[in-house]
Amino acid sequence: MKRHLACATVIGLLSACTQQQSLRNTAATGYYVSSETVEDASNCVSGRWSGKSTELSVVPLAGGTSIELWDGANGPLLALVDILATGATTTAKYYSKSGHDSWYSDQVMDCMHATSSIQ
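Heads up: these notes are all about the structure in this document. In this text, all values refer to a predicted model and were calculated from it rather than measured experimentally.

## Thoughts on the overall build of the chain
Of the regular secondary structure elements, the chain holds 3 helices and 5 strands. Starting at the N terminus and ending at the C terminus, the chain contains elements arranged as α-β-α-β-β-β-β-α. Looking at the 119 residues of the chain, the share that counts as buried comes to 34%. Pairs at least 24 apart in sequence give 52% of the contacts found in the chain among residues at least 6 apart. Carbon and sulfur atoms provide 56% of the accessible area of the chain, an area that totals close to 6,900 Å².

This is the structure in structure tokens:
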């Protein structure tokens with residue numbers, strides 16, 4: 001039983017990683033640059049996104065944070081934002097599935113105190 005549970009856990013983790021990488025392989029929907037710190041921007045985005053009826057995961061990255069938006073606990077990945085320190089600035093790359101609510105990208109832009117997305 002323990003072996004079965006361990007295998008199911010590993011398969012679930014690999015599936016999540018595949019969804020994240022697949023979304024990152026698409027063109028970013030939004031790209032924002034700010035003087036905000038990674039911590040401040042991440043706290044702002046996760047606070048705003050957590051008010052919706054979706055599952056939220058905050059994942060540490062080297063030099064930053066990734067915030068992932070899931071359609072339920074076992075649902076597909078809907079969107080993610082990678083917020084990274086880049087020298088004197090912080091960048092946020094927002095990725096979403098086609099047709100996904102632009103409210104989420106608007107919140108990233110607002111938290112980054114950016115006025116537009118850089119393509």
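So much for the structure itself; the text now carries on.
## A look at the sheet that holds strand 4 (residues 77-86)
Reading across the sheet, the 5 strands line up as 1-5-4-3-2 and stay open at both edges, with antiparallel pairing between neighbours. Taken across any chain shown, the strands that pair with only one partner, and hence form the sheet edges, are strand 1 (30-34) and strand 2 (55-61). Mean inter-strand twist for the sheet, computed between neighbouring axes without regard to direction, equals 15 degrees. On the sheet, helix 2 (residues 38-49) packs against strand 2, strand 3 (64-70), strand 4 and strand 5 (89-96) and is oriented at approximately 165 degrees with respect to strand 4. Most of the contacts of helix 3 (residues 103-111) go to strand 5, to which it runs at about 180 degrees, and overall it touches strand 1, strand 3, strand 4 and strand 5.

## Quick word on the pattern of salt bridges
Per the stated rule, a full pass over the model turns up 2 salt bridges. Here Asp82 makes a salt bridge to Arg24, at a shortest N to O gap of 2.7 Å. With Asp82 in strand 4 and Arg24 in helix 1 (residues 2-24), the pair connects residues that are 58 residues apart, well separated along the chain. Overall, the relative accessible area of 8% leaves Asp82 in the buried class. With a closest N to O distance of 2.4 Å, Asp110 and Arg48 form a salt bridge. Taken together, the positions of Asp110 in helix 3 and Arg48 in helix 2 put the pair 62 residues apart, joining distant regions of the chain.

About the thresholds
- Every chain is numbered on its own, with residues counted from 1 as its sequence reads.
- Residue-level local features of this predicted model are given only where pLDDT is at least 70; pairs of side-chain atoms are given and counted only at 80 or more, and the full residue set underlies all totals for whole chains, interfaces and linings.
- Side-chain measures were taken over the full set of non-hydrogen atoms in the model, leaving aside hydrogen atoms and water.
- The way it works is that DSSP assigns letters per residue, a run of H or I at least four long becomes a helix, a run of E at least two long becomes a strand, and they are numbered from the N terminus.
- Accessible area is worked out with a 1.4 Å probe on protein chains only. A residue is then buried under 20% of its type maximum, exposed over 50%, and partly exposed in between.
- We call two residues in contact whenever any of their non-hydrogen atoms come within 4.5 Å of each other.
- Under the convention used here, a 1.4 Å probe and the Shrake-Rupley method define accessible areas, while residue burial counts only the protein chains that appear.
- Pairs of strands are assigned from DSSP output, requiring at least two bridges between the strands.
- Angles here are taken between N-to-C directions and fall from 0 to 180 degrees, while the axes themselves are lines fitted to C-alpha atoms, restricted in helices to the stretch in contact.
- By definition, a salt bridge exists where a carboxyl oxygen of Asp or Glu is found within 4 Å of a side-chain nitrogen of Lys or Arg.

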